[in-house]
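Fold and geometry: a report
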Amino acid sequence: MQRRTLLAVVPAALVAAGTAGCSSGSSDGPVTLRFLSLAWQKESIAANKKLVAEWNKKNPKIQVKYVQGSWDNVHDQLVTAFEGGDAPDVIHDESPDIAGFAAQNYLQDLTDLLPSALKNDISAQSWDTVKFAGGGIYGVPFLQESQIFVANRKLLQQAKVRIPTVDAPWTWDEYAEVCRKLTVKGKQYGVAWPLSAPVNKVLNLSLNFDGTFFGTSGGKTTVHVGDNEKQVLRRIHDQLWVDHSADPATVGMKGADPLPAFFAGKYAMVPAGVYFRQQVVQGAPKGFDWVTIPPLKGTSQHQGATSQTLSIPADGKNQKQAMQFISFLLNGPNQATLALGDWLVPTSKEAAKDPRLTTTKDDWNVATASQQNLVVAPYLKVDGFDEWKTKVATPAMQQYFNNKISLDALATKLVKDGNEVLKRYQK
Amino acid sequence: MTAATATLAANAKPVRRKGFEPAVLGLVAPALLPVLVLSVAPLLYGIYLGFTDARAGRNMPVHVTGFANYVELFGDADFWGSFRIGLVWAVGVTVLQFAAALGLALLLNQKLRGRWLARTLTLVPWAMPPVVVGLMWRLVYHPQAGILNSTLKDLHLISSNVDWLNSFTLALPAVIAVGVWAGMPQTTITLLAGLQAVPGELTEAATVDGASTWQRFRAVTWPALRPVVTAITALDFIWNINQFGLVYVLTQGGPGGQTRLPMLFAYEEAFRYGFFGYAASLGVAIVLVVLVVLAFYLRRMLKEAV
């Protein structure tokens, strides 16, 4: 009856992943590659499709078929596609997800396939985000996201606070002070933290204070929550429940949910990834003046980075051709185009110099400069991180940010329950 | 000896077991084959997987591990937590659905004007796939743009927007409400059919004897309806505890696992973390527990009916 329909989802995903599977055995004959793209913003889809069309025109023997996927279900789709032996030839995903697939041997180690031009153009830090399972390279990193704040410039000026720049950023202390100044009881909050998915955000920012959360000794990875790890957690919690400079009502919200209230002047700032600027530009009322706040400084400005990636399945029949297409799609100028389309930061050194990405328009200069602060996120190398995040860290952090448990109780949960989960993966 | 055979033959009057007839197989095959291939084979494969350490991965070796998965399952507090949520959900939805559907069925059984229209409208939720129901209700519950919040605000029942599906306390009740709504049609229609089978003379006779509405319901309608009630609540319970699509679309098991039904839990084990063997054993365990619960329930109901 009706309850049965969802069982059909799995085969449906398989079918979606494998519509056109025509590939010939010889490496010189014409081949058709399937390119699973997860682009979702309008400009980004257009940019991807344009580049695919350009490639197809130039390479009649290697035709690329654009297949639209979605971030919401890419993991499930790929699991079924891999198990069914019918994965797309070029797979768009992100490093946390391909870490798992690499450990499961589904992805091709690209070390010997990479052309040197592509290899040299991408920063070493970015390559670190795709090295798994004994140092192999399991994807080509191309877009990265750093954490910034988008602020209401008028409110900042009214409160007479210093607006930070790339060269003179705010420290976390200064930021907390500014938020207190920007808070008007019952009317306005300094900041709105949407924390329905808090884990990656907290872990990425915690590197500001060298908080790594995971440590490996003797080949065994365990969770570690010390003073460094507690810094960002405590500072956000203090804003919510001690300073009252952050609105507790936004704790359960997702990234873009506080936007309407931000536009209405109820919040002076919202923390977000750099891509968020696009939503601000698109949704802001006329005359709304906003400014991008560069990454905050703790003991450093380091932030944990992950990357969007393009990978090739281990069972792929046309790996060489797939790599040719990837090199084309991710060369300097094309990466710049893709970065513009997604409002993210490119990994290509050449692309980062593109004038379109260094202009002060829409604060692209601040966004692109923030790439300097990115270092590989330690959790990327942790087998079982995803389960730790879903089962242990997300509910525990949500309780902490809702002021239901203490910081010490949170730390105990993250470590004790967390190590139980990680054990499963270290058999 | 011959006499004995004769008596035996006489006793087993409708002798059908006259040896095996290959022709019968040919007749049964078209019906049997799909059942074997599509239901029995996957089921057996699932049971087998439950005894292995099968994991997602290319060329991953699979070992038979005996009852290791089941031992792990017994100590898995997360799973039993999810099972508890599953029971709250299944019992909650089934009971509320039954109460609401019985009321609606009694109403629709009256000779009201426009009854045909009301009966048709009752079926509407049935025509919608669970995913569509889920999406629709997500819009209803939307904290900023949802019709529920704006209605409650207009009525001055709440002062600020409530984030129904992300609240630790409200998410499960909110999801249960959707479950009740989505399952109403089949329960209502089944009960309505049962009500129509209640002999009119009996009700009339009771009225003549001076029975009140409530007495008529207790003494006449309810006993006649009982078998239907047993069947539909048992079925509803099975459907609900195995529910997946609706909740997956509404909350994906969140916030913090507050609506993670057992089926969602098993799905995550398999497709998110890649533990196929363990997930299969979870499926088997769910089936067993449901069977036990149902056996008790049905036995009680049938006993009372006698």
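Residues numbered from 1 in each chain as written. Chains lettered and ligands numbered in written order. Predicted model: local features only at pLDDT ≥ 70, side-chain atom pairs only at ≥ 80, totals over all residues. Heavy atoms only, no water.

Right, let's get into the overall build of chain A. The helix and strand tally for chain A stands at 19 helices and 16 strands. In terms of overall size, chain A behaves like a compact globule, its C-alpha atoms giving a radius of gyration of 22 Å where 427 residues would be expected to give roughly 22 Å. When each of the 427 residues of chain A is scored for burial, the buried share is 57%. Summarising the internal contacts of chain A: among those between residues at least 6 apart in sequence, 73% fall at separations of at least 24. Of the roughly 17,400 Å² of accessible surface on chain A, a fraction of 52% belongs to carbon and sulfur atoms. On chain A, the mean spot of the 45 positive side-chain charges and the mean spot of the 40 negative ones are 4 Å from each other. (Helix = DSSP H or I, 4+ residues; strand = E, 2+ residues; numbered from the N terminus. Rg over C-alpha atoms; globule rule 2.2 N^0.38 Å. Buried < 20%, exposed > 50% of the residue type's maximum accessible area, 1.4 Å probe, protein only. Contact = heavy atoms within 4.5 Å. Areas by Shrake-Rupley, 256 points an atom, 1.4 Å probe, with all protein chains shown as cover. Lys, Arg positive; Asp, Glu negative; His and termini not counted. Charge placed at Lys NZ, Arg CZ, Asp CG, Glu CD.)

This next bit is on the packing of aromatic side chains. In total, this model carries 44 aromatic pairs over all chains according to the counting rule given. Taking 5.0 Å as the distance between ring centres and 70 degrees as the angle between the ring planes, the aromatic pair formed by phenylalanine 214 of chain A and tryptophan 388 of chain A counts as edge-to-face. A residue pair is termed long-range when its members are at least 10 positions apart, and phenylalanine 214 of chain A in strand β9 (residues 214-217) and tryptophan 388 of chain A in helix α18 (residues 385-401) qualify at 174 residues. For tryptophan 388 of chain A, a relative accessible area of 0% translates into the label buried. A ring pair is formed by phenylalanine 98 of chain B and tryptophan 222 of chain B, whose centres lie 6.4 Å apart and whose planes are at 65 degrees; its orientation type is edge-to-face. (Phe/Tyr/Trp six-rings, centres within 6.5 Å; stacked < 30°, edge-to-face > 60°.)

The next point concerns the UniProt feature "transmembrane region" (unreviewed entry) in chain B. Those residues carrying the UniProt feature "transmembrane region" (unreviewed entry) are residues 23-51, 87-108, 120-140, 164-184, 228-250 and 270-298 of chain B in this numbering. Helix makes up 93% of residues 23-51 of chain B and strand 0%, whereas the separation of the span's terminal C-alpha atoms amounts to 38 Å. (UniProt positions renumbered as here; feature names shortened; annotations may be inferred.)

How big an interface is tends to be stated in terms of accessible area lost as the parts join. With 30 residues of chain A in contact, the opposing surface of chain B contributes 35 residues. Summing both sides of the interface, chain A and chain B together bury roughly 3,200 Å²; the carbon and sulfur share of this comes to 50%. Across the contact surface, chain A and chain B share five salt bridges. The closest approach of N and O atoms between glutamate 269 of chain B and arginine 424 of chain A, which form a salt bridge, is 2.8 Å. The tally of links between chain A and chain B comes to 11 residue pairs in polar contact (both at pLDDT 80 or more). Secondary structure elements with two or more residues in the side of chain A that touches chain B: α3 (74-83), α18 and α19 (407-425) of chain A. (Buried area = accessible area lost by both parts, 1.4 Å probe. Salt bridge = Lys/Arg side-chain N within 4 Å of Asp/Glu carboxyl O. Polar contact = N/O pair within 3.5 Å; in protein donor to acceptor, adjacent residues only side chain to side chain.)

Before going further, it helps to examine the sheet that holds strand β12 (residues 290-293) of chain A. Residues and elements named next belong to chain A. Spatially, four strands are ordered β8-β11-β7-β12 in an open sheet, and the strand pairing comes out mixed. Looking along the sheet, the strands with just one partner apiece sit at the ends: β8 (189-191) and β12. Strand-to-strand twist in this sheet, taken as the mean axis angle between neighbours without regard to direction, amounts to 25 degrees. Looking at chain direction, β8 and strand β11 (residues 267-273) are connected through two bridges and run parallel. Counterpart to valine 191 in the pairing with β11 is methionine 269. Strands in contact with helix α12 (residues 276-283) are β7 (147-152), β11 and β12; relative to β12, the strand with the most contacts, it is inclined by about 175 degrees. (Pairing = 2+ DSSP bridges. Axes fitted to C-alpha atoms, helices over the stretch in contact; angles between N-to-C directions.)

Here we come to the packing of helix α8 (residues 171-196) of chain B against helix α10 (residues 213-241) of chain B. Residues and elements named next belong to chain B. Remark: α8 packs on α10, axes separated minimally by 9 Å, with the N-to-C direction vectors making an angle of 160 degrees. Comparing the axis directions of α8 and α10 gives the class roughly antiparallel. As α8 runs across α10, the sense of the crossing is right-handed. Residues Gln186, Thr187, Thr190, Leu191, Gly194 and Leu195 of α8 touch α10, and the partners they reach there are Thr221, Leu225, Val228, Val229, Ile232, Asp236 and Trp239. Its residues assigned to classes, the contact of α8 with α10 comprises seven nonpolar, five polar and one charged. (Parallel < 35°, antiparallel > 145°, perpendicular 65-115°, else oblique. Left-handed = near helix turned anticlockwise from the far one by under 90°. Nonpolar A, V, L, I, M, F, W, Y, C, P; charged D, E, K, R; others polar.)

This next bit is on the environment of alanine 224 of chain B. Inspection of the secondary structure assignment puts alanine 224 of chain B in helix α10. The class of alanine 224 of chain B is partly exposed, set by a relative accessible area of 37%.

Residue and element names in this part refer to chain A. Split by domain assignment, chain A resolves into domain 1 (2-144 + 306-376) and domain 2 (147-304 + 383-425). A C-alpha centroid distance of 29 Å is found between domain 1 and domain 2. Facing 20 residues of domain 1, the contacting portion of domain 2 comprises 17 residues. For the pair domain 1 and domain 2, the two sides together bury roughly 1,700 Å², of which 62% comes from carbon and sulfur. (Domains from an automatic or database assignment.)

This paragraph deals with the UniProt feature "domain: ABC transmembrane type-1" (unreviewed entry) in chain B. Mapped onto this structure's residue numbering, the UniProt feature "domain: ABC transmembrane type-1" (unreviewed entry) falls at residues 83-297 of chain B. Measuring from the first to the last C-alpha atom of residues 83-297 of chain B gives 18 Å, for a span that is 73% helix and 0% strand.

We now examine the sheet that holds strand β6 (residues 140-144) of chain A. Remark on secondary structure: sheet strands pair via backbone hydrogen bonds, oriented parallel or antiparallel. Residue and element names in this part refer to chain A. If you trace the six strands from one edge of the open sheet to the other, you get β2-β1-β3-β14-β6-β15, paired in mixed fashion. At either end of the open sheet lies a strand with only one pairing partner, and these are β2 (62-68) and β15 (345-346). Where helix α2 (residues 42-58) meets the sheet, it contacts β1 (31-37) and β2, and its direction lies at approximately 165 degrees from that of β2. Contacts from helix α14 (residues 332-342) reach β6, β14 (307-311) and β15 within the one sheet, and its direction differs from that of β6 by about 40 degrees.

It is worth spelling out helix α4 (residues 77-109) of chain B at this point. Its 33 residues give α4 of chain B an end-to-end C-alpha distance of 47 Å, which sits within 8% of 48 Å, the value for a rise of 1.5 Å per residue. You can read the cap of α4 of chain B off the contacts: a side-chain oxygen lies 3.1 Å from the backbone nitrogen of aspartate 78 of chain B, and it is on aspartate 76 of chain B. (Expected span 1.5 Å × (residues − 1).)

All names here are of chain A. Looking at the element boundaries, valine 274 is found in the loop between β11 and α12. Judged by relative accessible area, valine 274 falls into the buried class, the value being 0%. On a C-alpha basis, the gap between valine 274 and lysine 187 in space is 27 Å, while along the polypeptide they are 87 residues apart. Apart from residues lying up to four places away in sequence, valine 274 is in contact with Gln144, Glu145, Ser146, Ile148, Trp343, Leu344, Val345, Ala367 and Ser370.

Before going further, it helps to spend a moment on the nonpolar core. Counting residues in hydrophobic clusters, the biggest one holds 193 residues, and the most contacted among them are Met269 and Trp388 of chain A. Residue contributions to this core reach at least three from each of two domains, namely domain 1 (2-144 + 306-376) and domain 2 (147-304 + 383-425) of chain A. (Core = buried A, V, L, I, M, F, W, Y, C linked by side-chain atoms within 4.5 Å.)

Residues and elements named next belong to chain A. Examined bridge by bridge, β1 and β2 share seven bridges and lie parallel to one another. Along β2, the bridge assignment pairs threonine 32 with glutamine 63. In terms of handedness, the path from β1 via α2 over to β2 forms a crossover that is right-handed. (Right-handed = clockwise from strand over helix to strand, strands pointing away.)

Evaluation of the coordinates by the stated rule reveals 20 salt bridges over all chains. For the salt bridge of glutamate 177 of chain A with arginine 180 of chain A, the shortest nitrogen-to-oxygen distance reads 2.9 Å. Within this pair, glutamate 177 of chain A and its partner arginine 180 of chain A are both found in helix α8 (residues 172-181), separated by three residues, close to a single helical turn. A relative accessible area of 36% means that glutamate 177 of chain A is categorised as partly exposed. Arginine 180 of chain A sits in the partly exposed class, given a relative accessible area of 38%. Put simply, Glu387, Lys391 and Arg424 of chain A together with Glu72 and Glu269 of chain B are held in one network by salt bridges that share partners.

Leave glycine aside and you will find that most residues have negative phi; peptide bonds, for their part, are mostly trans. Phi angles above zero are rare outside glycine, and histidine 244 of chain A is one such case at about 55 degrees. Checked against the element boundaries, histidine 244 of chain A lands in the loop between α10 (227-241) and α11 (259-263). Classification of histidine 244 of chain A as partly exposed rests on a relative accessible area of 45%. The residue histidine 156 of chain B is not glycine, and still its phi comes out positive at about 60 degrees. Histidine 156 of chain B sits in the exposed class, given a relative accessible area of 70%.

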